[in-house]
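Tertiary structure, described
Each chain, written out:
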Amino acid sequence: MSRKRLTQMFPFLLPLRRWQKKQCCYHRMKLDGNQYASRISKERLPKVVFETSSRMVNENSGFDIQFQYNKVHNLELAAKTIDKLVIAPKETFSFFWLVRHADRDTPYKDGLNFVNGQIAGTYGGGLCQLSNMLFWMFLHTPMTIVERHGHDVESFPSATEDLPCGTDATVSQGWLDLKVRNDTDNTFQIEIRFDDKYMYGRILSQNPVNTVYAVFNSSVSYVKRKEKIFQIAVVCREETNRETGEQTIRELYTNECEIAYCLPDDVEIIPQES
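Cut-offs applied
Residues numbered from 1 in each chain as written. Predicted model: local features only at pLDDT ≥ 70, side-chain atom pairs only at ≥ 80, totals over all residues. Heavy atoms only, no water. Helix = DSSP H or I, 4+ residues; strand = E, 2+ residues; numbered from the N terminus. Rg over C-alpha atoms; globule rule 2.2 N^0.38 Å. Buried < 20%, exposed > 50% of the residue type's maximum accessible area, 1.4 Å probe, protein only. Areas by Shrake-Rupley, 256 points an atom, 1.4 Å probe, with all protein chains shown as cover. Salt bridge = Lys/Arg side-chain N within 4 Å of Asp/Glu carboxyl O. Disulfide = S-S within 2.5 Å. Pairing = 2+ DSSP bridges. Contact = heavy atoms within 4.5 Å. Axes fitted to C-alpha atoms, helices over the stretch in contact; angles between N-to-C directions.

- The protein appears in an unreviewed UniProt entry as Glycopeptide resistance accessory protein VanW from Candidatus Aphodoplasma excrementigallinarum.

Written out as structure tokens, the structure reads:
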């Protein structure tokens, strides 16, 4: 049996621990030698590199729908700190470097989060939908992924079932961030907007990007370990040169997460020891 953390034994210490982690995290970032992107420009860069959309309200969560509406509020607050951000050469994008003060004037609301092994409504919950979309867009650019964390558990079916498995990016302030570095000589910009149902994202650039990216799963399997079901997804990327048509396929990473909802009957689940 694993030992309980101090904050599990004494929950009243949790706010202090969170504050401590945040302060240490941002202090390290100030000293790590990276130049973190922070410039917002109302002038849009001319070239569209990639664009996508994400339906915000998930009716299949199995929880009070109000949490979904609260999430929309939280997404709009956080997105204001990222919309039209410019990422110049040698700069690094950090999700929380930008979002850390998003609720300074207008508070977040309680949205769904995975906390201590359970889904619960917590302050600012639901921001992972924004980090998910940003990561998906970054995968379609030549920028370098520096830090990304997949969800340990999927508690309900995704609202974006058309995306390859394992292309999510969870965030937790002070613990887990999403970071991307611009190692190119091109300049990029993030654009985010909303309508009543969808959140829209675009990556723009100063100069054309000569490569077209297509992200896919080379394989997805489900295994059963100690009564738990895990999804194992291999994420790959096809890179096509616009001028020559030359294609290269790269295996990016293997993503593993627990599936905590019922899978369709036709999904094969392989028993596995360990």
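Looking at the overall build of the protein
- A tally of helices and strands in the protein yields five helices and 15 strands.
- Here the C-alpha atoms of the protein give a radius of gyration of 19 Å, agreeing with the 19 Å that 2.2 N^0.38 yields for 274 residues.
- Put simply, the protein has 274 residues, and 44% of those count as buried.
- Element-wise, carbon and sulfur atoms account for 48% of the exposed surface of the protein, whose accessible area totals about 15,700 Å².

Description of the pattern of salt bridges
- Within the structure shown, the criterion is met by 11 salt bridges.
- For R225, the salt bridge is made with E256, and the minimal N-O distance between the two is 2.6 Å. Of this pair, R225 sits in strand β12 (residues 211–225) while E256 sits in strand β14 (residues 247–259), and the two are 31 residues apart along the sequence.
- Taking relative accessible area as the criterion, R225 reaches 16% and is therefore assigned buried.
- Of the charged contacts, one joins E239 and R237 as a salt bridge, the two residues approaching to 3.1 Å between their closest N and O atoms.
- In this structure E239 comes out as buried when scored by relative accessible area, which is 13%.
- Judged by relative accessible area, which is 12%, R237 ranks as buried.
- Residues joined in a network through salt bridges with shared partners are R44, E191 and R202.

A closer look at unusual backbone geometry
- At K226, a position not held by glycine, the phi torsion is positive, near 50°.
- Here K226 lies in the loop between β12 and β13 (228–241).

Observations regarding the state of the cysteines
- All chains considered together, the criterion is met by zero disulfides.
- With no disulfide of its own, C128 lies 13 Å from the sulfur of C257, the closest cysteine sulfur.
- In this structure C128 comes out as buried when scored by relative accessible area, which is 12%.
- Cysteine C165 shares no disulfide, and the gap to the nearest cysteine sulfur, in C257, comes to 8.1 Å.

A word on the side chain of K84
- Residue position: K84 is located in the loop between α3 (66–79) and β3 (86–87).
- The exposure class of K84 is buried, given its relative accessible area of 15%.

Some points on the sheet that holds β3
- Strand order in the open sheet formed by four strands is β2-β11-β10-β3, with antiparallel pairing between adjacent strands. Of all strands in the sheet, those bounded by a partner on one side alone are β2 (47–55) and β3.
- When β3 meets strand β10 (residues 188–194), the two strands line up antiparallel, connected through two bridges. When the bridges of β10 are listed, V86 appears paired with Q189.
- The strands touched by helix α5 (residues 128–138) are β2, β3, β10 and β11 (198–205); relative to β11, the strand with the most contacts, the crossing angle is about 35°.

A look at the sheet that holds β13
- Ordered in space as β8-β14-β13-β12-β15, the five strands form an open sheet in which the pairing is mixed. With partners counted over all chains shown, the strands left at the sheet margins are β8 (153–154) and β15 (269–271), one partner each.
- Here 12 bridges tie β13 to β14, and the two strands are oriented antiparallel to one another. Considered in β14, the bridge of I229 is made with I259.

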